[in-house]
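Structural features, examined
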Amino acid sequence: GAGVSQSPSNKVTEKGKDVELRCDPISGHTALYWYRQSLGQGLEFLIYFQGNSAPDKSGLPSDRFSAERTGGSVSTLTIQRTQQEDSAVYLCASSPGTVGSPLHFGNGTRLTVT
Amino acid sequence: AQSVTQLDSQVPVFEEAPVELRCNYSSSVSVYLFWYVQYPNQGLQLLLKYLSGSTLVKGINGFEAEFNKSQTSFHLRKPSVHISDTAEYFCAVSENQGAQKLVFGQGTRLTINP
């Protein structure tokens, strides 16, 4: 079956521009996560959606970052007024949302801010 | 909130030698623990998990990990490594109540030398 799909796979943008990153989770998965992976920084938690509950936004690094999940499926991560330090791989993952269920990761979007 | 510390950012070992990758966590409640692996140029995948029961859990590719509640550790071990085990390994924790958000450590890069 189809896995987690992220688009675009690569994005180069100029400092100050806004970007939108898209994630299509596995059908039926109620939980959706966004992480940021930077060299030497591991996986930094950004935001977590679970069903109809209010999202856990505690990992968003600044108010330039926002995310939404429409209809409990597709999610969009938006970064406004991008900065060079935003350059990283942004990973999306989904899971069935049951206890201990593993995350299924997409291949990520590599964002480069010039 | 929970947190994870992976004490070694890089671990070089010779082929067929044993290896231990260390992971310590912090949480005010009981937890679920996971190890994920990221092979070069691939996405993250689940290696093994501890939810309850036996504190020694076995995963894919001959890896195992032991949950030690008193030491708040979940170290990953393999008795004899192969070149193909070269990858980055991530320890992760979620609390077993509430939102069950999954938080990752900084990762350990395992390099196997012939």
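See above for the structure.
Before going into details, it helps to say that this report is about the structure given with it. Since we're looking at a predicted model, the values are computed, not measured.

Calculation notes
Residues numbered from 1 in each chain as written. Chains lettered and ligands numbered in written order. Predicted model: local features only at pLDDT ≥ 70, side-chain atom pairs only at ≥ 80, totals over all residues. Heavy atoms only, no water. Helix = DSSP H or I, 4+ residues; strand = E, 2+ residues; numbered from the N terminus. Rg over C-alpha atoms; globule rule 2.2 N^0.38 Å. Buried < 20%, exposed > 50% of the residue type's maximum accessible area, 1.4 Å probe, protein only. Contact = heavy atoms within 4.5 Å. Lys, Arg positive; Asp, Glu negative; His and termini not counted. Charge placed at Lys NZ, Arg CZ, Asp CG, Glu CD. Salt bridge = Lys/Arg side-chain N within 4 Å of Asp/Glu carboxyl O. Polar contact = N/O pair within 3.5 Å; in protein donor to acceptor, adjacent residues only side chain to side chain. Nonpolar A, V, L, I, M, F, W, Y, C, P; charged D, E, K, R; others polar. Pairing = 2+ DSSP bridges. Axes fitted to C-alpha atoms, helices over the stretch in contact; angles between N-to-C directions.

The next subject is the overall build of chain B. Tallying secondary structure elements over chain B gives zero helices and twelve strands in all. Listed N to C, the secondary structure of chain B is β-β-β-β-β-β-β-β-β-β-β-β in terms of helices and strands. A globule of 114 residues ought to have a C-alpha radius of gyration of about 13 Å, and chain B, at 14 Å, matches this closely. By principal-axis analysis of the C-alpha atoms, chain B measures approximately 45 × 30 × 20 Å. Counting only residues that meet the buried cut, chain B has 46% of its 114 residues in that class. Considering only residue pairs separated by 6 or more positions, chain B has 57% of its internal contacts joining residues 24 or more positions apart. Across chain B, the mean location of the 8 positive side-chain charges is 7 Å away from that of the 9 negative side-chain charges.

Listed as interface residues are 17 residues of chain A and, on the opposing side, 17 residues of chain B. One can count one salt bridge joining chain A with chain B. As a salt-bridge pair, Lys-101 of chain B and Asp-56 of chain A come within 3.4 Å of each other at their nearest N and O atoms. The interface formed by chain A and chain B contains six residue pairs in polar contact (both at pLDDT 80 or more). Elements supplying a minimum of two residues to the side of chain A that touches chain B: β4 (31-38) and β5 (42-50) of chain A. Ranked by the residues each element gives to the side of chain A that touches chain B, the list is headed by β5 of chain A, at four residues. For the side of chain A that touches chain B, the per-class residue count stands at ten nonpolar, six polar and one charged.

It is worth spelling out the side chain of Thr-82 of chain A at this point. Residues and elements named next belong to chain A. Structurally, Thr-82 is set in the loop between β7 (75-79) and β8 (88-95). We classify Thr-82 as buried; its relative accessible area is 0%. The residues contacting Thr-82, other than those within four sequence positions of it, are Thr-13, Glu-14, Lys-15, Gly-16, Lys-17, Val-19, Arg-64 and Val-113.

All names here are of chain A. If you walk across this open sheet you meet the four strands as β1-β3-β7-β6, and the pairing is antiparallel. One side of each edge strand has no neighbouring strand; the edge strands of this open sheet are β1 (5-7) and β6 (65-69). For this sheet the average axis-to-axis angle between neighbouring strands, irrespective of direction, equals 15°.

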